[in-house]
Structure formats: C-alpha cells, structure tokens
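One letter stands for each residue in the lines below.
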Amino acid sequence: MRQQWHDLLFAHWRLHPAALRACVPQPLELDLWDGQAYLAVTPFSVRGLRPPGFLALPGISHFAEINVRTYVVYGGVSGVYFFSLDATNLSAVVAARVLYALPYYRARISVEWHKQQIRYHSRRLQARQAPEFRATYCPTSDLLPWQSPRESLERFLTERYCLYAVSGRRVYRTAIHHVPWPLQAANAEIEANTMTAPLGLTLPHSPTLIHFSKFVDVLIWWPQHVASK
C-alpha cells in the first residue's frame, strides 16, 4: 500500500521498561535506549492511501490518524509495536484489522491549521472513557542534521522500517519503506491525553522529547508470518 504521512508529531515519553513489559506480548522484546523504554503518541494526517497502480479517492484515501506505539525487537530486527491506532476512516480501520492484525479503532478527529500551528483533537468512538488527545503543535526549527540511529536517540526512535503485530499465537512483521524522517524540533501544548488509559498508564503532562515532520512518502508491504508463540 502507498500512502503519505503529513504534519506528524512525535511526542515521546521515557518510561521504566517494567511499565511497558506487561503491555507488549511475548516473544517481542522491548528495544531500549540506555536501559529505558519509550512510548510515543503520534498524531498526523494520511493522504493518498491506495494500492500501487490505483488512483487515490478523496473520500477513502485521505483521513486523520493517531497512534500509540513503542519499540521492540524480534530476531535481531528492530521495529515498532502499536498499542492502538485511531482513524476517522471506517474502511481503513476494518481493512487494517483484517489484513494487518493491527488494533485500529474508529475515532472522531478534527485537524485545524492556524498559520504554522496545527490544532488536533481526537476522541475514540466508544461510549465510556473514550481515549482522547487534544493538542496544538508546530515546528520550531529548520531540519535537524542527519545522524545514524546508533548516534542519536531521535533517530533510534524514528528510523524503524518494520512493524510487528501479534494475533493469537502468530507474530507478523510488516516491512515499511520511506526516506529518513525529515525531523524538526517542535513545540506542543497538550491539553488532554488519555490515549494510554486502556493500558493502565497515565503519562506525565510533558513529553520527554517532541519532534515534527512535515511529510514522508511511504510504501507498506504485506505482513509476513515470522513466528508462532
């Protein structure tokens, strides 16, 4: 599948590994930096979602999304593990659940632009205690210089080219291809963030790290079965 990710915020929190270990299924292992785990909340907009060779359809291919993720490794291959993915597009939610075994949910999301600032509000469509994220964010610098993942925490957290999903006793790995993230320093005023409430986690108000990326073009392959628990 081809798609573009626009106006993405990386809001990262540093956590003790024990806080996340029970939330990540075996046999995936937490991928740590200096002995610490990281969790990210990432709001953004999807554009041009389509299979290769097909045209994007405005009513289906463009929508807002927000993810909650951490970083794992399996078989020596580092990747991303998603706790949740909320989107406004019902067809994308259903397809991703069926085809990629990902925990997608339907949400009501508004995205507003005020000059350089993005005001983002997401609330999952469920009756009680719906996870919510409300923030205003913007870039505050030019592009950051490139460093390899081994040289910087920022690249360790963002330069990941596969995602993992666990369904039943099966572990799936999905390859993702894109150019290195064009990162910028950012500012975010977070007014509400209960995205990790289903995990039993309450995050501090202020993230440990905040970055912005304006745009990246993405190619996502079909998931591959890599293990059975």
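Please refer to the structure placed before this passage.
Residues numbered from 1 in each chain as written. Predicted model: local features only at pLDDT ≥ 70, side-chain atom pairs only at ≥ 80, totals over all residues. Heavy atoms only, no water.

Chemist: Looking at this structure, I do not really get the overall build of the protein. What am I missing?
Modeler: A tally of helices and strands in the protein yields four helices and 13 strands. The C-alpha atoms of the protein give a radius of gyration of 17 Å, which matches the 17 Å a tight globule of 229 residues would have. Seen along its three principal axes, the alpha-carbon backbone of the protein occupies a region of about 50 × 40 × 40 Å. The burial tally for the protein puts 49% of its 229 residues in the buried class. In the protein, of all internal contacts separated by at least 6 residues, the share reaching a separation of at least 24 is 65%. (Helix = DSSP H or I, 4+ residues; strand = E, 2+ residues; numbered from the N terminus. Rg over C-alpha atoms; globule rule 2.2 N^0.38 Å. Buried < 20%, exposed > 50% of the residue type's maximum accessible area, 1.4 Å probe, protein only. Contact = heavy atoms within 4.5 Å.)

Chemist: What exactly am I supposed to notice about the nonpolar core here?
Modeler: Soluble, globular proteins show a tendency: their nonpolar side chains are buried together. Counting 35 residues, the largest nonpolar core has Leu 20, Leu 39, Val 41 and Phe 133 as the members making the most contacts within it. Setting aside anything within four residues of it in sequence, one finds Val 41 in contact with Leu 9, Phe 10, Ala 11, Trp 13, Ile 66, Asn 67, Val 68, Phe 133, Asn 193, Met 195 and Leu 203. In terms of nonpolar packing, the next biggest core, distinct from the first, is built from 32 residues, Tyr 38, Val 46, Val 80 and Ala 92 among them. (Core = buried A, V, L, I, M, F, W, Y, C linked by side-chain atoms within 4.5 Å.)

Chemist: Teacher, can you tell me more about the pattern of salt bridges here?
Modeler: Pairing between side chains becomes possible if they bear opposite charge and their charged atoms approach one another. All chains considered together, the criterion is met by nine salt bridges. Here Asp 86 ties to Arg 124 by a salt bridge, and the two come within 2.8 Å at their closest N and O atoms. Pair noted here: Asp 86 is in strand β5 (residues 77-87) and Arg 124 is in strand β7 (residues 117-124), with a separation of 38 residues, a long-range link. Judged by its relative accessible area of 0%, Asp 86 falls in the buried class. Here the salt bridges do not stand alone but share partners, grouping Arg 119, Arg 123, Glu 132, Arg 134 and Glu 191 into one network. (Salt bridge = Lys/Arg side-chain N within 4 Å of Asp/Glu carboxyl O.)

Chemist: Mind showing me how you'd approach empty space enclosed by the protein here?
Modeler: Where empty space is left can be seen by rolling a probe of water-molecule size over the atoms. Counted according to the given criterion, the structure contains one cavity of 30 Å³ or more. Of the volumes computed, that of the largest cavity is approximately 30 Å³. Lining of the largest cavity is provided by Phe 10, His 12, Glu 154, Leu 157, Thr 158, Leu 183, Leu 209 and His 211. Secondary structure elements with two or more residues in the lining of the largest cavity: β1 (2-15), α4 (153-158) and β12 (209-220). Examining the composition of the lining of the largest cavity, we find that three residues originate from one element, α4, more than from any other. Of the residues contributing to the lining of the largest cavity, the split by class is four nonpolar, three polar and one charged. (1 Å grid on protein atoms, 1.4 Å probe; cavity = no way out; pocket = protein on both sides within 12 Å on 5 of 7 lines; lining within 4 Å. Points joined across faces, edges and corners; volume = space filled by probe spheres on them. Nonpolar A, V, L, I, M, F, W, Y, C, P; charged D, E, K, R; others polar.)

Chemist: I'm lost on the pairing of β7 in this one. Help?
Modeler: Along any regular strand, the residues point their side chains to alternate faces of the sheet. Here β7 shows one buried face, formed by Ile 118, Tyr 120, Ser 122 and Arg 124, and one open face, formed by Gln 117, Arg 119, His 121 and Arg 123. Strand direction decides the pairing type here: strand β6 (residues 104-114) and β7, joined by eight bridges, are antiparallel. Opposite Val 111, over in β7, you have Tyr 120 as the bridge partner. Hairpin connection between β6 and β7: a loop of two residues separates the two successive antiparallel strands, and Lys 115 in this loop has a positive phi of roughly 60°. Pairing analysis gives six bridges linking β7 to strand β8 (residues 132-143), with the strands arranged antiparallel. (Pairing = 2+ DSSP bridges.)

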